[in-house]
Amino acid sequence: MSIFGVDIASGSPGSRRAPSYSLVVLEGDATALHHMISRHKLIRMIRERQPEIVAMDNVHELAQSHRDLINLLRRLPPSTKLVQVTGGDRPESLVRLARWNGITFDRTKPLEEAEASARLAARGVGAVVSAFEDKTLIKVSRRRSLGRGGWSQNRYTRKIHGAVMALAREVEKQLREAGLEYSLRAVEGLGGFTRAEFVVEASRDKVHVNPGYSVDAQLKMQSIERPSLQYKPLLHRRGYIIVGLDPGTTTGIAALNLRGELVDLISSRAMSSSDVIEWIAARGRPLIVATDVSPTPGAVEKTKRAFNAVLFSPGADMAGEEKIALGREVGYKNDHERDALAAALSAFRKYKNKFIQVEKKAPAEVDPDEIKALVVRGYSIENAIAEFSHPPPAEGRPAAPAPPAPDPDTAALRQHIQQLSEQVKTLRTYVDELQAQLAKKDADLQKAIERLDRLKDKTSREIKRDHEIRIRDKEIVRLRSILRSERKYTKKLKKNAVARKKAERIEEVKGLRRLKPVAAFSKEAVLAAAERYNLAEGDLVLLEDASGGGKSTAEMFRERGVAAIVAEGEMAQAMQEHFLDLGLPVFTSSEIAVQRIDGLPFIRPEELEAARERWEVQQKARQARLEAEKLESLFQDYKVERMKEEKRKKRMGQKEMI
């Protein structure tokens, strides 16, 4: 995914001095910097590279007015989103957003501010600027003026209007095939349409009709403008997640929310580091990235830095029994998913008690997950809550209330309080006795649990061993199947190589030209021959059965650069004419004698040259015949027009006499 981060470096769109911009391009792990580039160059780079997102802290830095911004949005590629990372209707400070997402930058340096905007957009922060509705206007109209008129004015008008109608029908066909809803308003003219307008119920990037033109008609597309700019969230607010990662040849990833519930679990052999980061980002905002081994693998460190998350690593490698116990309730498919899940659950278990305290203490108006995120990053619970609290400014403290007046029944109240205090002491003593009894029972229960675990340990080891043996047996069966397929393919390649070398030796010794056989005149046979004999430019082909076939099959020979075809059997006359149109010589086996040596077909070079010379003479004669027929057709058309013109003049003369 490519993201452009942009910040204005000097000047402004409304001043006389043309503005300059700083640009940071993020593509995966790579970063490219461009400083002090013009607005024209910036737009050109966006149109050429078509990034997914262009991110800024203020989109009005690109345009001096609302209309100028609308025109700029029309020039952007349909798949590119213009994102204001500070938000839409009520923007936040870029510095505050960066601090919340763990990004630091120097506001005095435009390049760093542009990079901060790009990285915030990569995490789903910001709002997409939308100036157009999810509708597209397609206009089909004349490309040439009708002119002042003349003898052939009506025919010329019908021709142009017919072209407009034909182009409109083609657009309508493409829209129907794409399953898009649309409405059509066409203005009829002489012989067709003067113009046609389609309003398609889909955004511009979903309408795959290429703007263009023919000789007489043209097609233009544009999005329908909104009455005012609209800001849509780049991504819906995603919750924080705890990620467990098990890198290697097969990567395992587990994602939990801050309540310890499973969000998603996956293992795959084909995931690069960028795929891992994209998978994680699609499921939430990583707060903790956890591993089950020590020291921490480099891939886990890289993922942690990509999201500025907190790293969780055990002091030593987690035991297999502990991983099985942690993942048993959730469930997993293989050892890689088990290890990733165990790492995430172990990290959650470390912070579980603090998360429970946050749930109890968090104010109703504050998201508890935001407080939990600060606690994980090192804040105390009180300081984390204070970060989201906004107490009114203390302009002055109110005066302390005056002490209440003495009550005449004070002595009686004090005596009652003393009695209650003694009762509380008695109850506390009783509670202490109950707690001691409970502690003893807990100790007895713990001993019983430990004894039960020891009894189960042997059974658990046996179950684990049997499970691993089954997994290995399945893997052995799979690898054997792959090995058999590869051996068959290798044997086939060796056989083809032997045949090729044999043919080359025969060509060198006997001075013959080899033919590459095609079993039948069909697409399947051509593809099979191309795979087996590696059809290439300049090759000669032996078509063993010339019956059947079609124009698309004939064009497959031309696409592969075949020099000539020797056909056995009778070929349809229409196909012979089509090969002549393609300029591809086709000879019969009666014209060129085919010799088979060790099952391989060959021809003599001198016979091929003679047949080719005859074919060229035939082709020239055919071209001359076609030219003569074309001239004859033009002459007949001219003759018919002259007769019509003479009849018209004769009628005009008769009217004048009357």
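Preceding block: the structure.
Residues numbered from 1 in each chain as written. Predicted model: local features only at pLDDT ≥ 70, side-chain atom pairs only at ≥ 80, totals over all residues. Heavy atoms only, no water.

Student: Would you explain the pairing of strand E1 (residues 2-10) in this entry?
Tutor: Along any regular strand the residues' side chains alternate between the sheet's two faces. By the criterion of burial, E1 is predominantly enclosed, with eight of the nine residues buried. Of the strand pairs in this sheet, E1 and strand E2 (residues 20-27) are connected by eight bridges, and their pairing is antiparallel. By the bridge assignment, Val6 is partnered in E2 with Leu23. In this structure, E1 lies alongside strand E4 (residues 53-56), joined through three bridges in parallel fashion. Bridging across to E4, Gly5 finds its partner in Ala55. (Buried < 20%, exposed > 50% of the residue type's maximum accessible area, 1.4 Å probe, protein only. Helix = DSSP H or I, 4+ residues; strand = E, 2+ residues; numbered from the N terminus. Pairing = 2+ DSSP bridges.)

Student: I keep staring at the nonpolar core and nothing clicks. Help me out?
Tutor: Counting 26 residues, the largest nonpolar core has Leu23, Leu42, Leu69, Leu73 and Leu82 as its most contacted members. The set of elements that each furnish at least two residues to this core consists of E1, E2, helix H1 (39-49), E4, helix H2 (66-75) and strand E6 (127-142). With sequence-adjacent residues up to four places away left out, Leu82 is seen in contact with Val54, Val59, Leu62, Leu69, Leu73, Leu76, Ala127, Val128 and Val129. Counting 25 residues, the second-largest nonpolar core is a separate cluster that includes Val310, Phe312, Ala344 and Val376. (Core = buried A, V, L, I, M, F, W, Y, C linked by side-chain atoms within 4.5 Å. Contact = heavy atoms within 4.5 Å.)

Student: Is there a simple way to explain the packing of helix H15 (residues 573-582) against helix H16 (residues 605-657) in this structure?
Tutor: Packed helix pairs are specified by the crossing angle of their axes together with the interaxial distance, meaning the distance between the axes. In contact at an axis separation of 11 Å, H15 and H16 are set at 90° when each is read in the N-to-C sense. Our classification of the angle between H15 and H16 gives roughly perpendicular. Along its contact with H15, which presents Glu577, Leu580 and Asp581, the element H16 presents Trp615, Gln619 and Arg622. (Axes fitted to C-alpha atoms, helices over the stretch in contact; angles between N-to-C directions. Parallel < 35°, antiparallel > 145°, perpendicular 65-115°, else oblique.)

Student: For this particular structure, what's the right way to read the sheet that holds strand E14 (residues 285-290)?
Tutor: Strand pairing within a sheet occurs via backbone hydrogen bonds; the two strands may be parallel or antiparallel. The mixed open sheet is built from five strands, whose spatial order is E13-E12-E11-E14-E15. The outermost strands of the open sheet, each flanked by one partner alone, are strand E13 (262-268) and strand E15 (310-312). Neighbour-to-neighbour, the strand axes of the sheet open up by a mean angle of 25°, direction not taken into account. Alignment of E14 against E15, held across three bridges, turns out to be parallel. Within E15, the position partnered with Ile288 by the bridge is Val310. Running at roughly 20° to strand E12 (residues 251-257), helix H6 (residues 273-281) makes contact with strand E11 (240-246), E12, E13 and E14 of the sheet. Running over the sheet, helix H7 (residues 298-307) touches E11, E14 and E15 and is turned about 155° from E15.

Student: Please explain the packing of helix H8 (residues 320-327) against helix H9 (residues 335-361) as it appears in this structure.
Tutor: Where H8 meets H9, the closest approach of the two axes is 9 Å, and the angle between their N-to-C directions is 80°. With respect to their mutual orientation, H8 and H9 come out roughly perpendicular. Counted together, Glu322, Lys323, Ile324, Leu326 and Gly327 of H8 and Arg338, Asp339, Leu341, Ala342, Leu345, Ser346 and Arg349 of H9 form the full contact between these two elements. Of the residues belonging to the contact of H8 with H9, the class tally is five nonpolar, two polar and five charged. (Nonpolar A, V, L, I, M, F, W, Y, C, P; charged D, E, K, R; others polar.)

Student: Sorry, what's going on with helix H14 (residues 551-559) here?
Tutor: Looking at H14, one finds that the buried residues are Thr553, Ala554, Met556 and Phe557. Down the axis of H14, the buried set is contained in an arc of 145°. They therefore lie on one face. With respect to the buried face of H14, the exposed residues turned more than 90 degrees away are Lys551 and Glu559. Gly561 occupies a position one or two residues after H14 and carries a positive phi of about 75°. (Arc of directions from axis to C-beta.)

Student: Can you help me understand unusual backbone geometry in this one?
Tutor: Glycine aside, residues mostly have negative phi, and peptide bonds are mostly found in the trans state. Cis geometry is found at the peptide bond from Ser294 to Pro295, where omega equals 5°. Looking at the secondary structure, you find Pro295 in the loop between E14 and H7. Non-glycine residue Asn308 carries a positive phi angle of around 50°. Positionally, Asn308 belongs in the loop between H7 and E15. Look at Asn534: it is not a glycine, yet its phi comes out positive at around 55°. Structurally, Asn534 can be placed in the loop between helix H13 (523-533) and strand E18 (540-543).

Student: Please explain the pattern of salt bridges as it appears in this structure.
Tutor: Should their charged atoms come close, side chains of opposite charge can pair. For the structure on display, the rule yields 33 salt bridges. One salt bridge connects Glu27 with Arg49, and the closest N-O pair in it is separated by 3.1 Å. With a gap of 22 residues between them, Glu27 in strand E2 and Arg49 in helix H1 connect regions that are remote in the sequence. The salt bridge involving Asp466 is made with Arg465; its shortest N-O contact spans 3.9 Å. On the accessibility criterion, Arg465 (49% relative accessible area) is partly exposed. (Salt bridge = Lys/Arg side-chain N within 4 Å of Asp/Glu carboxyl O.)

Student: Quick question: what am I supposed to make of the packing of aromatic side chains here?
Tutor: The geometry of an aromatic ring pair comes down to the distance between the two centres and the angle between the two planes. In this structure the tally under the stated criterion is five aromatic pairs. Taking 6.0 Å as the distance between ring centres and 25° as the angle between the ring planes, the aromatic pair formed by Phe521 and Phe579 counts as stacked. Highlighted residues: Phe521 in the loop between strand E17 (516-518) and H13 and Phe579 in helix H15, separated in sequence by 58 residues. Like Phe579, Phe521 is buried. Clustering of aromatic rings is evident, with ring pairs tying together Phe348, Tyr351 and Phe355. (Phe/Tyr/Trp six-rings, centres within 6.5 Å; stacked < 30°, edge-to-face > 60°.)

Student: So what exactly am I meant to see when it comes to the sheet that holds strand E20 (residues 586-588) here?
Tutor: Reading across the sheet, the four strands line up as E17-E18-E19-E20 and stay open at both edges, with parallel pairing between neighbours. With partners counted over all chains shown, the strands left at the sheet margins are E17 and E20, one partner each. Averaged over all pairs of adjacent strands, the angle between their axes in this sheet comes to 30°, without regard to strand direction. Here four bridges tie E18 to strand E19 (residues 564-567), and the two strands are oriented parallel to one another. Paired with Leu542 across the strands is Val566, a residue of E19. Packed onto the sheet, H16 meets E18, E19 and E20 and runs at close to 120° relative to E20.

Geometric descriptors of this kind do not, in isolation, establish any biological role.
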